[in-house]
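Now for the letters of each chain:
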Amino acid sequence: MSATHRAGTELSRRWRAARPASAVTHLDSAAAARPSQATLDAQIAHLRREGERGAYVAEMEVGEVLHSARAALADLLGPGLGPDEVAFHHSASTAFAALLTAWPLPPRGRVGILPSEYGSNTLVLEARARQAPLELINLPVDPQGVIDLDALDRVGMPTPGAARPLGLDELDLVVLPHVPSQRGIVQPAVEIGRRCAAAGVPLILDVAQSLGQLDVSHVHASAYVGTSRKWLCGPRGTGFLAVRGDLAERISVAVPSLYSMGRGEDGRPIPLPGLARLGIGEASIASRVGLAHALSELLASDPPLVFARIVYLASYGRRVLDGAGAWRVREQPDSPTGIVTLEPPPGVDPVAVRDRLYRQEAILTSAIPVQRSRDLEGPVLRVSAHVYNDPVEFDRLAAALSRDPGNSPSHA
Ligand SMILES: *Cc1c(COP(=O)(O)O)cnc(C)c1O
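Being a predicted model, the structure only gives us computed values, none of them experimental.

Caption draft 1: Up close: the site of the ligand. The local shell around the ligand consists of S91, A92, S93, Y118, V179, S181, D206, A208, Q209, T227, R229 and K230. Between the ligand and Q209, the relevant distance is 2.8 Å, taken from an oxygen atom to a side-chain nitrogen or oxygen of the residue. Considered on its own, the ligand offers 380 Å² of accessible surface; in the complex 94% of this is hidden by protein. Taken together, the residues of the shell around the ligand break down into four nonpolar, five polar and three charged.

Caption draft 2: Spatial organisation of the pattern of salt bridges. The full count for this structure, using the stated rule, is 15 salt bridges. Note that R53 and E61 form a salt bridge whose closest N and O atoms lie 2.8 Å from each other. Owing to a relative accessible area of 41%, E61 belongs among the partly exposed residues under this scheme. We note a salt bridge from D375 to R183, for which the minimum N-O separation is 2.5 Å. One end of the pair, D375, is in the loop between β14 (366–368) and β15 (380–384); the other, R183, is in the loop between β5 (173–177) and α7 (189–199), and 192 residues separate them in sequence. Note on accessibility: D375 and R183 belong to one class, buried. Among the ionic contacts, a cluster of salt bridges with common partners joins E10, R13 and R14.

Caption draft 3: The arrangement of the sheet that holds strand β11 (residues 328–329) in detail. Here we have four strands laid out as an open sheet, ordered β11-β12-β15-β14, and antiparallel in their pairing. Each edge of the sheet is formed by a strand with only one pairing partner; in this case those strands are β11 and β14. When β14 meets β15, the two strands line up antiparallel, connected through three bridges. Considered in β15, the bridge of I368 is made with V380. Strands β11, β12 (339–343) and β15 of the sheet are contacted by helix α10 (residues 303–321), whose axis makes an angle of about 15° with β12.

Caption draft 4: Main features of the sheet that holds strand β3 (residues 110–113). If you walk across this open sheet you meet the seven strands as β2-β8-β7-β6-β5-β3-β4, and the pairing is mixed. Of all the strands in the sheet, the pair left with one neighbour each is β2 (86–89) and β4 (135–138). Sheet twist, expressed as the average angle between the axes of neighbouring strands with direction ignored, equals 20°. The sheet contact formed by β2 and strand β8 (residues 239–243) spans four bridges and is antiparallel. Along β8, the bridge assignment pairs F88 with F240. Against the sheet, helix α4 (residues 63–77) contacts β2, β7 (223–227) and β8, and its axis sits at roughly 115° relative to β2.

Caption draft 5: Molecular detail of the packing of helix α5 (residues 92–102) against helix α6 (residues 119–131). Following both chains from N to C, one finds α5 and α6 inclined at 20°, their axes separated by 10 Å at the closest point. The pairing of α5 with α6 is recorded here as roughly parallel in orientation. Of the two possible hands of crossing, α5 and α6 adopt the one that is right-handed. Contacts between α5 and α6 involve S93, F96, A97, L100 and T101 on the former and, on the latter, S120, N121, V124, L125 and R128. Among the residues making up the contact of α5 with α6, the classes are represented as five nonpolar, four polar and one charged.

Caption draft 6: Looking closely at the nonpolar core. Counting residues in hydrophobic clusters, the biggest one holds 59 residues, and the most contacted among them are L171, V174, L205, L211, Y224 and L232. A per-element tally of this core places α4 first, with seven residues. Each of two domains, domain 1 (3–27 + 302–403) and domain 2 (40–300), supplies a minimum of three residues to this core. With near-sequence residues (within four places) excluded, L205 lies in contact with L176, H178, A189, V216, V219, A221, A223, Y224 and V225. Counting 27 residues, the second-largest nonpolar core is a separate cluster that includes A87, V111, I204 and L241.

Caption draft 7: Structural view of the packing of aromatic side chains. Scanning the model with the defined rule gives zero aromatic pairs in all. Positioned above the aromatic ring of Y388 is the side chain of R34, whose terminal nitrogen or guanidinium carbon lies 5.3 Å from the ring centre.

Caption draft 8: Main features of α10. The end-to-end C-alpha distance of α10, which contains 19 residues, comes to 27 Å, matching closely the 27 Å that a straight helix rising 1.5 Å per residue would cover. Residues of α10 that are buried: P303, L305, V306, F307, R309, I310, L313, A314, Y316, G317, R318 and L321. Close packing links the buried residues of α10 with α1 (3–17), α9 (285–300), β11, β12, β15 and α12 (391–403).

Caption draft 9: A look at α6. The end-to-end C-alpha distance of α6 is 19 Å, a good match for the 18 Å that 13 residues give at a rise of 1.5 Å each. Among all positions in α6, only G119, N121, T122, L125, R128 and A129 are buried. Lining the buried residues of α6 we find α5, β3, β4, β5 and β6 (203–206).

Caption draft 10: Local environment of unusual backbone geometry. The step from A132 to P133 runs through a cis peptide bond, and the omega angle for that step is -15°. Relative to the helices and strands, P133 is located in the loop between α6 and β4. Positive phi, close to 60°, is recorded for R108, a residue that is not glycine. Of note, R108 is situated in the loop between α5 and β3. With phi around 70°, A326 is a residue other than glycine that occupies positive phi space. Tracing the chain through its elements places A326 in the loop between α10 and β11.

Cut-offs and rules
- Residues numbered from 1 in each chain as written.
- Predicted model: local features only at pLDDT ≥ 70, side-chain atom pairs only at ≥ 80, totals over all residues.
- Heavy atoms only, no water.
- Near = heavy atom within 4 Å.
- Polar contact = N/O pair within 3.5 Å; in protein donor to acceptor, adjacent residues only side chain to side chain.
- Areas by Shrake-Rupley, 256 points an atom, 1.4 Å probe, with all protein chains shown as cover.
- Nonpolar A, V, L, I, M, F, W, Y, C, P; charged D, E, K, R; others polar.
- Salt bridge = Lys/Arg side-chain N within 4 Å of Asp/Glu carboxyl O.
- Buried < 20%, exposed > 50% of the residue type's maximum accessible area, 1.4 Å probe, protein only.
- Helix = DSSP H or I, 4+ residues; strand = E, 2+ residues; numbered from the N terminus.
- Pairing = 2+ DSSP bridges.
- Contact = heavy atoms within 4.5 Å.
- Axes fitted to C-alpha atoms, helices over the stretch in contact; angles between N-to-C directions.
- Parallel < 35°, antiparallel > 145°, perpendicular 65-115°, else oblique.
- Left-handed = near helix turned anticlockwise from the far one by under 90°.
- Core = buried A, V, L, I, M, F, W, Y, C linked by side-chain atoms within 4.5 Å.
- Domains from an automatic or database assignment.
- Phe/Tyr/Trp six-rings, centres within 6.5 Å; stacked < 30°, edge-to-face > 60°.
- Lys NZ or Arg CZ within 6 Å of the ring centre and 35° of its normal.
- Expected span 1.5 Å × (residues − 1).

The quantities given are spatial measurements derived from coordinates; they are silent on function.
So this is what it looks like as structure tokens:
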């Protein structure tokens, strides 16, 4: 057993011990991971303080804690970002919608997107494209859905039959999910960030499915959106965005409110300074306090070891799940992400199988419906393990799928 493997096993044991016992085989961190007892306690303590002292007083009292959460997010997102460039939002989806609404784009601007874009984000992009109008340009991808770096200099045809493909430098913005929700792949975001920067094209990176499970810090993006409850093991109900440097001064207001706008001396409404113009006001402060705690645990846990353990678990999972009950793993066995997706045998419905697994085997997974993303040809089953999972949990799932791949008449 290698030293890294031993350290990973020990870390796993500590993360399990730090959590309340699970009533199920939880293989669903990509939907919502299990927070630690201390994270729950931090949240509950805040709720209690709100009741005892007044909710706004309680919020003021945790000012430093909230600052530390933004500092931790900035740390994880990478060098050159500070706490003031990070702001809380309701979720990754609302953060993305706010950024896209507020982002300065020229008339008929061109936005590079991916077929694997998260469904809600695609709807935001399409709505903005109709309104502005904008052109949405599909970036070239390989059969696994990974951006084809060799083709990135000829990113796509603006319209069918156009004279020549566009270069990256002819785009006004690129947006992409670092790790998509419905595929166990990782986009080569470091290289894409580098090429976008060289071409002078801003990049909005969606880290909802990557921050906390892999190293994001080497990616240089102009802006980021993410969420608390997935790989960061924070509570539900909070997310965040980050905007680099003085870009914040150049974006506009997404939703006018007392939390995003003030008035100039002449009485005219003006955006609040910097990122405050994307302020949302009312929020679950307890969720943010919980996230602050979850982030402190991640940073204290040696993030590279956390990331390595997640990759180890996923590759173990792919090995035992591929072929179980004729389900097929869709991605490369050693893909460096904790997301494993399974294609059903012919005639088997992943939604029914997810329900049956939960009801009969107490195994928690996700069925991903086709609406989740344009790149899905049919629904798939998603399985995702965090550090606190044990390889034996994948064995349990593989055995359940083998016993009953999902088309047994008694469970139809
Ligand atoms: C989950 C997810 C989102 C949305 O996050 P919410 O916090 O639910 O809004 C966005 N992008 C990707 C890739 C996701 O997996």
